[in-house]
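Here are the chains, one letter per residue:
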Number of protein chains: 8
Amino acid sequence: MEGFISLEKENSSFAKLDTGRKNRTGFNEVVYCQGKTSEQVLQIFTALYKNNGTVMGTRASEEQYETLRQQFSECTYDKTSRILKIQKDKETPEGLVAVCSAGTADIPVAEEAAQTAEYFGCQVNRFYDIGVSGIHRLMACKDEIQKANAVIAVAGMEGALASVIGGLVKVPVIAVPVSTGYGAAFEGLSALLTMINSCANGISVVNIDNGYGAGYIATQINRLAVRGNK
Amino acid sequence: MEGFISLEKENSSFAKLDTGRKNRTGFNEVVYCQGKTSEQVLQIFTALYKNNGTVMGTRASEEQYETLRQQFSECTYDKTSRILKIQKDKETPEGLVAVCSAGTADIPVAEEAAQTAEYFGCQVNRFYDIGVSGIHRLMACKDEIQKANAVIAVAGMEGALASVIGGLVKVPVIAVPVSTGYGAAFEGLSALLTMINSCANGISVVNIDNGYGAGYIATQINRLAVRGNK
Amino acid sequence: MEGFISLEKENSSFAKLDTGRKNRTGFNEVVYCQGKTSEQVLQIFTALYKNNGTVMGTRASEEQYETLRQQFSECTYDKTSRILKIQKDKETPEGLVAVCSAGTADIPVAEEAAQTAEYFGCQVNRFYDIGVSGIHRLMACKDEIQKANAVIAVAGMEGALASVIGGLVKVPVIAVPVSTGYGAAFEGLSALLTMINSCANGISVVNIDNGYGAGYIATQINRLAVRGNK
Amino acid sequence: MEGFISLEKENSSFAKLDTGRKNRTGFNEVVYCQGKTSEQVLQIFTALYKNNGTVMGTRASEEQYETLRQQFSECTYDKTSRILKIQKDKETPEGLVAVCSAGTADIPVAEEAAQTAEYFGCQVNRFYDIGVSGIHRLMACKDEIQKANAVIAVAGMEGALASVIGGLVKVPVIAVPVSTGYGAAFEGLSALLTMINSCANGISVVNIDNGYGAGYIATQINRLAVRGNK
Amino acid sequence: MEGFISLEKENSSFAKLDTGRKNRTGFNEVVYCQGKTSEQVLQIFTALYKNNGTVMGTRASEEQYETLRQQFSECTYDKTSRILKIQKDKETPEGLVAVCSAGTADIPVAEEAAQTAEYFGCQVNRFYDIGVSGIHRLMACKDEIQKANAVIAVAGMEGALASVIGGLVKVPVIAVPVSTGYGAAFEGLSALLTMINSCANGISVVNIDNGYGAGYIATQINRLAVRGNK
Amino acid sequence: MEGFISLEKENSSFAKLDTGRKNRTGFNEVVYCQGKTSEQVLQIFTALYKNNGTVMGTRASEEQYETLRQQFSECTYDKTSRILKIQKDKETPEGLVAVCSAGTADIPVAEEAAQTAEYFGCQVNRFYDIGVSGIHRLMACKDEIQKANAVIAVAGMEGALASVIGGLVKVPVIAVPVSTGYGAAFEGLSALLTMINSCANGISVVNIDNGYGAGYIATQINRLAVRGNK
Amino acid sequence: MEGFISLEKENSSFAKLDTGRKNRTGFNEVVYCQGKTSEQVLQIFTALYKNNGTVMGTRASEEQYETLRQQFSECTYDKTSRILKIQKDKETPEGLVAVCSAGTADIPVAEEAAQTAEYFGCQVNRFYDIGVSGIHRLMACKDEIQKANAVIAVAGMEGALASVIGGLVKVPVIAVPVSTGYGAAFEGLSALLTMINSCANGISVVNIDNGYGAGYIATQINRLAVRGNK
Amino acid sequence: MEGFISLEKENSSFAKLDTGRKNRTGFNEVVYCQGKTSEQVLQIFTALYKNNGTVMGTRASEEQYETLRQQFSECTYDKTSRILKIQKDKETPEGLVAVCSAGTADIPVAEEAAQTAEYFGCQVNRFYDIGVSGIHRLMACKDEIQKANAVIAVAGMEGALASVIGGLVKVPVIAVPVSTGYGAAFEGLSALLTMINSCANGISVVNIDNGYGAGYIATQINRLAVRGNK
């Protein structure tokens, strides 16, 4: 069976890095930085970078970035998406993924999705602030969106965006509910329910604010469209 | 203070009919028939008809209709909307109310709304099966919908309909969530949340399946538009 | 189709301002300031002010106000309602909207509603602290409230206010649940459910704390009552 | 410690009747009939009647009544409240309890409360169909309600009734949410939340549809008012 | 109809103090201080003190106390219960109320209940930390608790306390769920549900953390037991 | 790796019976009969009986029993617990498990637990109708309950039973919430929350109505107490 | 803009069939039969069959099938999946989709997914009853599952299936929660939450019991893998 | 009946320490430190230490530790688990408990469980970061886990861990949901539901983040396995 690297602190293993993941799933392990100490993030990045030659972290803080930068000068950090990464040799992007968002407040999650897909080698087009209450903004982008191999629809209170897009394209729409809004938005729960109940076909949903997950799935689909399953 | 008629059964008052309502609110009392026995409905209809010269009931059953018909030959019943009424002299309809619905399954609630508004004297136009997953169906009706003084948007899983309409019209949109759908539709709760969180302006929401309430409010607005507040 | 202004930052569009909105809906676009940086608010206000000659923002912070004030000396800010606006030439107010609230804690939301309606040209009367546990306070205002073309009922734990008012007036009541209260108030959810289930007719509901939305709808109705639908 | 009677079926004890209850709490044990077989109800009634000389059951079915009637000709059953009882010698009722209800659909629960209080020796006055959407109906009864030692407020969607009464009386109001209503009434949950959040003082709440519980508490209070605590 | 005092700020009424309340309900108005500014609390206390000669506030902060103390040297504040009051002439306490609590963390709410009842003239006995997981602690107090005219049961995760007490006493038990606990305690919701579903008779429930409400109702019952209804 | 038996219907495998389970877990596979056709149950029983020499099904219907009885005359069915089984050679029961329940309505679930433990070889003592509202009934059984190696506490609205028992015994208490009750019992959810929040130690919870699961765990513990872990 | 066929009954349009859908989305319209009368289904099938030459309905009843069969002898119906269709010329299936399910009770939803994918031209492999409580059953199928272009994971209480599969494959996993289970399964809500929170990558979720939606998305992905985006 | 120590502050008892607990349950009382002042913790520790010779507190803060350390130099504190204790003479650990956790973020709760079991005399083995999305990590530990007398499974979003382990071992699995995760994790509620619905046998659940409770139950089981019930 496949192996893993056991990270220890005070003689106790606190993490088991999955070194067989690229082989099994086609993707290297990515680090969820929230809730980890800067020291833990450093230890995990060091091990993964040594093993894989590249490493990405999501939901990273500026403090974590400062710690990593002292060890890895090539490390970069994007404040909007909170993505932290060390990536030396970028491949030429392939295929096309469209990332759409309803309002300005949804951009951080949309960027997490977009930059994840880019990190994994996709060409990405962004369509922001095209919520359905001004439907002509979405219609103006329709032809461009239809060119993508996968579409990501990011929306908070306006969960309706995914339904309208779903009725306009041939490819899967990955819907990402966002925890913006107030009152009965219930931290994204209402948007999640809107999207899960969508009357349009071709829509599936990931967790609230999970831009990373949407970018990952869009990449899987984009790769299948470009290379087939191999 | 205003009066009421007390209905009794076995020397105990079981209902107090509000005879001052038309004066206070501009509308006669309407009977919510569900959960009442046919005998109670008959007793209430008889009293209201005698007092007001017209009477309408919602959520009525065919059995209740059969009971009433034996006393009041002019009584009519519509199976889709489940509206039961005795109304002899219809006035000429005034103004215009638009009733829009997303899918075929929403028609019973849409009809309750439409027939309520008609009962109260509105001209009504119906736009059914124009859900947003095929947005061109809604766009084809846009100009007609914009002519109304108030718009009712009835939708189950497709709560998104209200948001798109809200962005296209100048008048209030009364959104009615419907308990169709399955799974995470939660008997209309998801549609209610979608509508309450709508990113479009001008949208307010009534209870799940409350077509009657929407028809009532649309009538209030339509009257204000036609007659002003008097 | 109608146009929009695309705002950019670092060559990426982060907002698409809807310049056709006034034409479609009769209202200029209003800015939801919460969650936006002061810089974004400034950029959006600048563009909208240039295009429309007036601009209003809701849920604004004092910091955002300080930033704007340096560019626009005519900008004003109200701490209670958190409304920020640049409005040079006020029209003479028309019609009448009544804003009622149950308790002292509901005043910020009530003021957001009242000032929104005033911004859009309505005459507004305020009736505060008239909750139903001391019903004589509401009764003392009844005749005044009945003069309005639309009534806004703002209430937190006391969601009951809307029901009592609904039984006393001829015009629509727009109910606004408020996130005050504690324990089983669940941040306004209980008040929302009370209002959605109201036994009175003519009541529709907007999102928790959505004073702006209620002011907008009241304005739509007030305009219809004064001018008809044109 | 106090004793109990163990009822057996096939050598296994299925119920332990609490014979010390009257001594500890001042009330004989009452039987919750729902979910019990007619045979179980008969066995329990027989034992309690033998021990206490009187017995009452709630949520009883007609079938259970038929079974009991064959053994106990003095047994009576009320279809509305679903109360089943054997009570030979009624004492003269003491004090006064007021039972108020909002709508016709709340009567079964209101009757369960009223008949429970009567069974336990209270004088009871009923005030039905006085919901707050026609506030003058409640106001017309105000003086009568104020004479009671305890008030029970029974309401489904109209949870607001308890708040208004609470502001008008000196004695405790026991609020009973009812599972009538539809849509977002959520089987009485919304009414329960309205009542628990009441802005009026002196209101406490029992379970949805728990007329029996409210009648029991009203009796406790009525006894204290008439006899003091002994 | 009864009057009220309207408090104004900048020519706008922000509060309507209910001066007829003592006459209607037997209790002076009490101030819910949370969410009010120190200035508002001062203004309200001044008016009520002038009118009633005594005034109490709940959920007060130390800052509010500091502000009041400068105007009213006789003002007192209790940090545990957060009760703020000006009360010159205490009457001799009458009757007896028992306040029971399950754990140490429930004491602030228990004290709010106890001090409220004392403020309104009750004799109060306290029984703290007698949760059911060590049932002998409760049993040791049983005889003392049974002497009270009303029992308040305050409990967080241990909602079970009310059920056990309910089976031991003749008088009403007012149950107060508390927002202590963690995880699935859901800020007191679980305790509320436990109490509402209690299998014991004689238990009614007030809002989460509403010690004040429980103290008020216990006072109503205690007065009825001592004086009857007059 | 371990094997399984694949059951087919029309050339498609509909079930994979886990033949390695006894080896891995010490228990043969048990059949959850609800939602399966009589034919499916027969096919599964036949295969398991052939492989294991004994087989038990839970939540079985009488119809399923009738079908099985025609093939297996030694098959038995208990109407209360709905357990269906073929078990030829019973071993001598070992150790001791106590099954406690709060009310009469909880007996079906308690019996599912008790008969499951008996099927798996435990000695079982039953203590029914000992809910905490008459705490002396539980106290009377205390010494007997303390003899068991594991205690199962079954309760619907009275979730409090587990807490009180947990404070009296040295061994684990497995709590089973029951879907009896009404109103805010929410089909067992309230009891589940009460139990999960128990202030007593040593209590863990299984799914609502999952008597089988509790019987299984009690057996695991009883075996460890009698035989140790081998 | 694209057209639609308006179906009428009594001069009122009750459905607008979307004839441009194949062009826009690559899929013909499919009929959701639940809640429609047999007559409506017949009318819709007739129109779609005439327009598209093939038509499929989901959640169909046997009664609807009986009605259609009289008009269309080539109509077929599958009792397990409840899929009704008229499809004359099947194309050679392309690519590969894997449909996995956790337990026997999940088969109806799994079949809806599998037969939908087959209807739309996919080759489908089924892996049923491979829930994670007997992990060796899943491991035995691992190599076969990895060959698919898209994987559907159908599970009720065992929402965990999707997570384990997600860690083993390179392609997207579409998770379908199922409304089987009891108690705290909450009609599929618990499985939905498990799946939405999956710690594995590449998993997105559709509505509870929405086998059709999963089959649709799997087809979109399979087509992209076989043909690319054209 | 058993005794208790009453702790007082200002002549009022604020805590009743249960000195009979070890005798009844086999465990000394443990202090839940959260929400208590440092002074209260000191007072309780002093009394318990004097009575029992050892004392442990959970959810302690560093501030509480600093206060205790000044009185008790032998006091120790672990930052990860937040366990505070004074324990002079450790016994030789007996038996074996396995503590498994899914991700790095679950370690604090896992450590609370592990250190609780160690404090009560168990030998403990830790298996961290073995979540099911990389199933080979769990499989690599399988043989070691199977040696334990009880298994604790700690998991946040990955509630699935308990199900897979449950299918691999003969002994009870105590599942601890953790409040990590984001979005629809709902502070641990989703993990709780996953675990309560587990399709594997032998799994019971404690409150979210309740590592202490799991360690306690595992100790009960471990003792039974080593010593039997005495």
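On a predicted model such as this, the values are computed, not experimentally measured, just so you know. (Residues numbered from 1 in each chain as written. Chains lettered and ligands numbered in written order. Predicted model: local features only at pLDDT ≥ 70, side-chain atom pairs only at ≥ 80, totals over all residues. Heavy atoms only, no water.)

1. Remarks on the relation of the copies chain D and chain E
Here the second copy of the chain follows from the first by a rotation about an axis and a shift along it. You can overlay chain D on chain E at an RMSD of 0.0 Å; the transform is a turn of 180° with a shift of 0.0 Å along its axis. Taken together, these values place the two copies in the relation of a two-fold axis. When you check the interface residues of chain D against chain E, 97% turn up at the interface there too, and the contact is symmetric in its surfaces. (Least-squares fit on C-alpha atoms with pLDDT ≥ 70 in both. Contact = heavy atoms within 4.5 Å.)

2. Let's talk about the pattern of salt bridges
Tallied over the full model, the rule gives 67 salt bridges over all chains. Among the ionic pairs, D129 of chain C bridges to R137 of chain C, the shortest N-O distance being 4.0 Å. A residue is classified by how much of its surface remains accessible, and R137 of chain C, at 4% relative accessible area, is buried. Salt-bridge contacts for K147 of chain G lead to E144 of chain G; the nearest nitrogen and oxygen are separated by 2.8 Å. (Salt bridge = Lys/Arg side-chain N within 4 Å of Asp/Glu carboxyl O. Buried < 20%, exposed > 50% of the residue type's maximum accessible area, 1.4 Å probe, protein only.)

3. Some words on the interface of chain D and chain E
Facing the 38 residues of chain D at the interface are 38 residues of chain E. Note on chain D versus chain E: buried area summed over both sides is about 3100 Å², and carbon and sulfur give 54% of it. Broken down residue by residue, the surface that chain D buries against chain E is led by K170, I196 and N201 of chain D, which jointly contribute 20%. Joining chain D to chain E, the criterion identifies 12 residue pairs in polar contact (both at pLDDT 80 or more). Here the side of chain D that touches chain E gets seven residues from one element, more than from any other, and that element is helix α8 (residues 211-227) of chain D. Here the side of chain D that touches chain E is built from residues that sort into 17 nonpolar, 15 polar and six charged. (Buried area = accessible area lost by both parts, 1.4 Å probe. Polar contact = N/O pair within 3.5 Å; in protein donor to acceptor, adjacent residues only side chain to side chain. Helix = DSSP H or I, 4+ residues; strand = E, 2+ residues; numbered from the N terminus. Nonpolar A, V, L, I, M, F, W, Y, C, P; charged D, E, K, R; others polar.)

4. What about the pairing of strand β7 (residues 94-101) of chain G?
Residue and element names in this part refer to chain G. Most of β7 sits out of view: seven of its eight residues are buried. Read as a crossover between parallel neighbours, the route from β7 over helix α4 (residues 107-119) to strand β8 (residues 122-127) is right-handed. With five bridges connecting them, β7 and strand β9 (residues 150-155) associate as parallel partners. Among the inter-strand pairings, V97 is bridged to a residue of β9, identified as A150. (Right-handed = clockwise from strand over helix to strand, strands pointing away. Pairing = 2+ DSSP bridges.)

5. Details of the relation of the copies chain A and chain H
Overlay of chain A on chain H (RMSD 0.0 Å): rotation 90°, translation along the axis 0.0 Å. Here the symmetry operator amounts to a four-fold rotation axis. Looking at the rotation axis and the C-alpha trace of chain A, the residue lying nearest is F186 of chain A, at 7.5 Å.

6. A look at the pairing of strand β2 (residues 12-18) of chain F
Residues and elements named next belong to chain F. Burial analysis of β2 places six of its seven residues in the buried class, which makes it a mostly covered element. As judged from the six bridges shared by strand β1 (residues 4-9) and β2, these two strands associate in the antiparallel manner. Each bridged residue has a counterpart across the sheet, and for F4 the counterpart in β2 is D18. What sits between β1 and β2 in their antiparallel hairpin is a turn of two residues, with E10 showing a positive phi close to 50°.

7. Quick word on the domain arrangement of chain A
All names here are of chain A. Entries for chain A in the domain assignment read domain 1 (4-87) and domain 2 (94-229). Here the C-alpha centre of domain 2 lies 26 Å away from the C-alpha centre of domain 1. With 15 residues of domain 1 at the contact, the number on the domain 2 side is 15 residues. Surface buried jointly by domain 1 and domain 2 totals about 1300 Å² across both partners, of which 59% is contributed by carbon and sulfur atoms. Note that R59 is salt-bridged to E112, the shortest N-O span being 3.6 Å. Summed over the shared surface of domain 1 and domain 2, the result is eight residue pairs in polar contact (both at pLDDT 80 or more). Put simply, the parts of the chain that give the side of domain 1 that touches domain 2 at least two residues each are β4 (54-58) and β6 (83-87). Per-element tally for the side of domain 1 that touches domain 2: the top contributor is β4, with four residues. Among the residues making up the side of domain 1 that touches domain 2, the classes are represented as five nonpolar, seven polar and three charged. (Domains from an automatic or database assignment.)

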